[in-house]
Amino acid sequence: MVQVEVAVLLPLPYLLSYRLPPRLVGAAAVGARVLVPVGARKVSGVIARVGRNTAGAPGDGGELPPGASGAAPRELSDVLDVLPDEPSLTPELVALALWIADYYEAPPGETVRAQLPAGSSAVVHDVMATTAAGQAALEQGALPPRQRDLLMQLARAAAPASKLTPAARRLLPELRAQGLVDAVELRAQPRATVREISVATLARPDDPEAAERHRRSPRRLELLRDLAAGPRRVDELVAGHAGRRNALQVLVKAGEVTLTAREDLTAAGAPDGIFAGGHSSEIPELTAEQQVAVTAVCEGLGQGFGAFLIHGVTGSGKTEVYLRVIAEVLRRGQTALVLVPEISLTPQLAGRFRARFGDAVAILHSGLSERDRLVEWQRLRRGLATIAVGARSAVFAPLSELGVIVIDEEHDGSFKQDDGVRYHARDVALVRAQRLGIPCLLGSATPSLESYWQSQRGAYRLLTMTQRPTARPMPAVEVVDLRTYMPDGDDFLSAPLSAAVGATLAAGDQAILFLNRRGFATFVLCRACGHAFRCPHCAVSLTYHQGGDRLLCHYCGFAQRVPEVCPTCATAGAIERKGLGTEKIAEAVAQRFPGARVARLDRDVAAGAKAEAILASVARRTVDVLVGTQMVTKGHDFPGVTLVGVLCADTGLNLPDFRASERTFQLLSQVAGRAGRGERPGRVLIQTYRPTAVAVVAAAHHDYQAFYASEVEARAELGYPPSGRLIAVRIDGADGPAVVATAARLAATALRVAGELGDIEVRGPVAAPLERLRGRTRWQIWLRGAQRQALRKVARAILAVEPDGGVRVGLDVDPVSAL
């Protein structure tokens, strides 16, 4: 008997064991997609391990010694089928999924699901259908009315029993016993499939008489000449040429041309604008610091795993280092993976890769349709593309012969998945590189404390780049104390910043104004009674958006119109819109500088292709002032921008989060780095009420080392990362009291186990800073300690506690946010 362990695509915390029937032995392997029974259901899954008589290491995704699943001995069910549909996973990716499940305490089926292209799974379920005997009974007309009606309904369209009325379901046992209806398996097509195209090919390419036979038809002669160069897609062959389709059909009937169906694996993810073009393929000369970095990484190729941290100031040319290293990897016949925080917000990076490597680049990001993502996935899987560029989930790109992994802007928090399987793509990439024995290259102007700490202890090799190419200096930074220079308008511009914007526009240059808060007014209240409009589902104020004239919750999407009359005191005309957002700033800046072309970049106006269009306008210099949220900090390179204004540096400093200072420093440093990247020097003005804050002072002086030294010391005193480890236990549910009760029981368990182990600190239970979100009450328990294994024991003891009904308990290993 051959036993297999299957990661079923359900939130189960373990693998399920099955027996592999002899008929399927040849088709089943690690990574194959299978159909298995789970209770009364038929569920798809992926084979994670295969058990034979040879011993393998449990957890390596390879062969498994019998019984290694840890499940109690039982009569195993059979695997029902091996699904022929692609995609299937490589053993390397399955092993990675099992590691993620183990490290992040996540269901293995969910970690496998995260690796598969969305919409690519076939849906399999049983439906009730009328049998041949049932059809005969209907024709005889001797059935009772209710049975006749049900048989006729199922004869027209088979349906799952769950979709039938209760009265109809009560009739099923008797009808099945009589053989009039039965359950049949229905396999629905996946939502995402690769489109098929028709390809025309000359049947006899070397036939010298073909042209003579069709000399009287110019259109047929043209087709024969076009196809002499090789097979062509039919849609491209006939596009824009009247009568060509008919001429092609004549050639097909005559046996001159054959038509075959092929999968359309044309490269996706190349929208118009800056993403698709505008990037020179000319290879620039490296600076001395770039050459050192390229040489160091290339010398590590083929030498096993090594982590390299490039700490390069903004504009120092880190991308060119990535391109040179990848070119060497491709020369060696290997492939490359590049992770970026949000690919839809960094079109220039993707454009540079396409300009250098063409269609060898596959783009993976959520802005693509499910079909396009599947096409890109298949191009990588089949070796048609050798470079994957994408956001967080691209860490699972199905590349064979992987030679290097690059993580650009490695500090960015968007690499951490904040729901479902809460993995960190940067850390998963490091583990993938380590398991494959290849280099992993991390780059940032503001490295995460964890990565820089690893470089200081020698685990990563630090490569420093302090100069911009062509000796362009870093921008001069001025801190504007808002306690002294009070803004005097809705644009929140102090006198120094207003003057700087005016001077920049007068010189024909561009400016970026940064405020990490979208909307027009961040809270709305009644001045008569003080009533504030808050989301009924979340513990947050509603933000007023003038464009849609509505109040909106930025967490759950709840929206409502602004009433004319206060719902609490019934006072008319007393509703006031307070606070600042990018929408108000953009409008006010346009009013203050009427000749300026002002654009806004935030999630309200710039999803996917819209973001690329706005960024393309800035690159073409058809925008003078760009007002935006942190989207404007994401690695953009605009030579015309000479001024960056930070409207309020304090918005993130006071958040109840131990990473608040680090995030503020990174945001300020990154947005400041957008200035002065062209020939003209740059200038940055940071407005703040806390001019002496370490994050503000260090960012103003471009002094990462000073910030790191201060912050890492403060973290060490409290046992926070990087010197300590954290696990956040997140408890939520629609029933608030049940959430609180469950949190109390979980905390009691954590305290008991931690007391037995020692050196583990349990904080909480406590309400989350955002106590209510999307209609669910949220509480937290924080586990802190130096040893991962001890933390795991406490965390697993918590997961063993049964929560109250409707309450959800999740572990966030290595959390990046306390909110």
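Engineer: Would you explain the environment of G31 in this entry?
Structural biologist: As for its position among the elements, G31 is in the loop between strand 2 (16-20) and strand 3 (33-38). In the structure, G31 is positioned 287 residues away from K318 in sequence and 36 Å away in space, judged by C-alpha atoms. Once you skip the residues sitting within four places of it in the chain, G31 turns out to touch V46, I47, S88, L89 and V94.

Engineer: I'm lost on the sheet that holds strand 24 (residues 559-560) in this one. Help?
Structural biologist: Each strand in a sheet pairs with its neighbour through backbone hydrogen bonds, running either in the same direction (parallel) or in the opposite one (antiparallel). The strand order 22-23-24 describes an open sheet built from three strands, whose pairing is antiparallel. In this open sheet, the two strands that pair with only one neighbour each are strand 22 (543-545) and strand 24. With two bridges joining them, strand 23 (residues 550-552) and strand 24 adopt antiparallel strand pairing. Looking at the pairing, L552 lines up with A559 of strand 24.

Engineer: Honestly, the packing of helix 3 (residues 132-140) against helix 4 (residues 145-156) in this entry has me stumped. Any pointers?
Structural biologist: For any two helices packed against each other, one specifies the inter-axial angle together with the distance between the axes. Contact geometry for helix 3 and helix 4: axes closest at 10 Å, N-to-C directions at 125°. By the angle between their directions, the pair helix 3 and helix 4 is classed as oblique. Relative to helix 4, the crossing made by helix 3 is left-handed. Residue-level contacts link G134, Q135 and L138 of helix 3 to R148, L151, M152 and A155 of helix 4. Residue composition of the contact of helix 3 with helix 4, grouped by class: four nonpolar, two polar and one charged.

Engineer: Before we go on, may I ask you to explain the packing of aromatic side chains in this structure?
Structural biologist: Aromatic rings in a pair are described by how distant their centres are and how their planes are angled relative to each other. Under the counting rule described, the total for this entry stands at 12 aromatic pairs. Aromatic side chains W99 and Y103 sit 5.1 Å apart centroid to centroid with 10° between the ring planes, which places their arrangement in the stacked category. Of the two residues, W99 and Y103 are both situated in helix 1 (residues 91-103); the distance of four residues between them amounts to about one turn of the helix. With a relative accessible area of 11%, Y103 lands in the buried category. Between Y103 and Y104, the aromatic rings sit 4.9 Å apart at their centres with planes inclined by 80°, giving edge-to-face as the arrangement. By the burial criterion, Y103 is buried, and Y104 matches it. Joined through ring pairs, the aromatic side chains of Y452, F665, Y704, F707 and Y708 make up one cluster. For the cation-ring pair, R784 lies above Y720, with the distance from its terminal atom to the ring centre recorded as 4.8 Å.

Engineer: Explain the packing of helix 7 (residues 218-228) against helix 9 (residues 244-253) to me, please; I cannot follow it from the model alone.
Structural biologist: Remark: helix 7 packs on helix 9, axes separated minimally by 9 Å, with the N-to-C direction vectors making an angle of 75°. Here helix 9 runs roughly perpendicular to helix 7, going by the angle between their axes. The segment helix 7 lies against helix 9, with R219, R220, E222, L223, L224 and D226 engaging R244, A247, L248, V250 and L251. The class makeup of the residues in the contact of helix 7 with helix 9 is six nonpolar, no polar and five charged.

Engineer: Just checking my understanding: could you explain the confidence of the model for the chain for this structure?
Structural biologist: Detailed conclusions should not be drawn from predicted coordinates in areas where pLDDT is low. Residue-level pLDDT values for the chain average 88, and 94% of them are 70 or greater. No element of the chain has a lower mean pLDDT than strand 5 (residues 63-64), at 41, and none a higher one than helix 14 (residues 425-436), at 98. Across residues 53-73, confidence stays below pLDDT 50; counting only partners more than four residues off in sequence or on other chains, it has 36 contacts. Note on residues 270-277: pLDDT is under 50 here. Beyond four places in sequence and across chains, it has 19 contacts.

Engineer: Please clarify how empty space enclosed by the protein should be interpreted in this entry.
Structural biologist: In this approach, a probe sized like a water molecule rolls over the atoms, and the result shows the empty space that is left. In the structure shown here, the tally under the stated rule is one cavity of 30 Å³ or more. As a volume, the largest cavity reaches approximately 70 Å³. Around the largest cavity, the lining residues are Y103, E105, R725, L726, I727, R788, L791, R792, V813 and D814. Elements supplying a minimum of two residues to the lining of the largest cavity: strand 30 (725-733) and helix 23 (788-799). Taken together, the residues that form the lining of the largest cavity break down as five nonpolar, no polar and five charged.

Engineer: Quick question: what am I supposed to make of unusual backbone geometry here?
Structural biologist: For residues besides glycine, phi is generally negative; the peptide bonds are generally trans as well. Cis geometry is found at the peptide bond from P721 to P722, where omega equals 15°. Inspection of the secondary structure puts P722 in the loop between helix 21 (704-718) and strand 30. Residue P765 is reached from G764 by a cis peptide bond, and omega for that bond is 15°. When you line up the elements, P765 lands in strand 31 (residues 760-773). The backbone phi angle of E105 is positive, close to 55°, even though this residue is not glycine. Inspection of the secondary structure puts E105 in the loop between helix 1 and helix 2 (108-115). Overall, the relative accessible area of 18% leaves E105 in the buried class.

Conventions adopted
- Residues numbered from 1 in each chain as written.
- Predicted model: local features only at pLDDT ≥ 70, side-chain atom pairs only at ≥ 80, totals over all residues.
- Heavy atoms only, no water.
- Helix = DSSP H or I, 4+ residues; strand = E, 2+ residues; numbered from the N terminus.
- Contact = heavy atoms within 4.5 Å.
- Pairing = 2+ DSSP bridges.
- Axes fitted to C-alpha atoms, helices over the stretch in contact; angles between N-to-C directions.
- Parallel < 35°, antiparallel > 145°, perpendicular 65-115°, else oblique.
- Left-handed = near helix turned anticlockwise from the far one by under 90°.
- Nonpolar A, V, L, I, M, F, W, Y, C, P; charged D, E, K, R; others polar.
- Phe/Tyr/Trp six-rings, centres within 6.5 Å; stacked < 30°, edge-to-face > 60°.
- Buried < 20%, exposed > 50% of the residue type's maximum accessible area, 1.4 Å probe, protein only.
- Lys NZ or Arg CZ within 6 Å of the ring centre and 35° of its normal.
- pLDDT = per-residue confidence, 0-100.
- 1 Å grid on protein atoms, 1.4 Å probe; cavity = no way out; pocket = protein on both sides within 12 Å on 5 of 7 lines; lining within 4 Å.
- Points joined across faces, edges and corners; volume = space filled by probe spheres on them.

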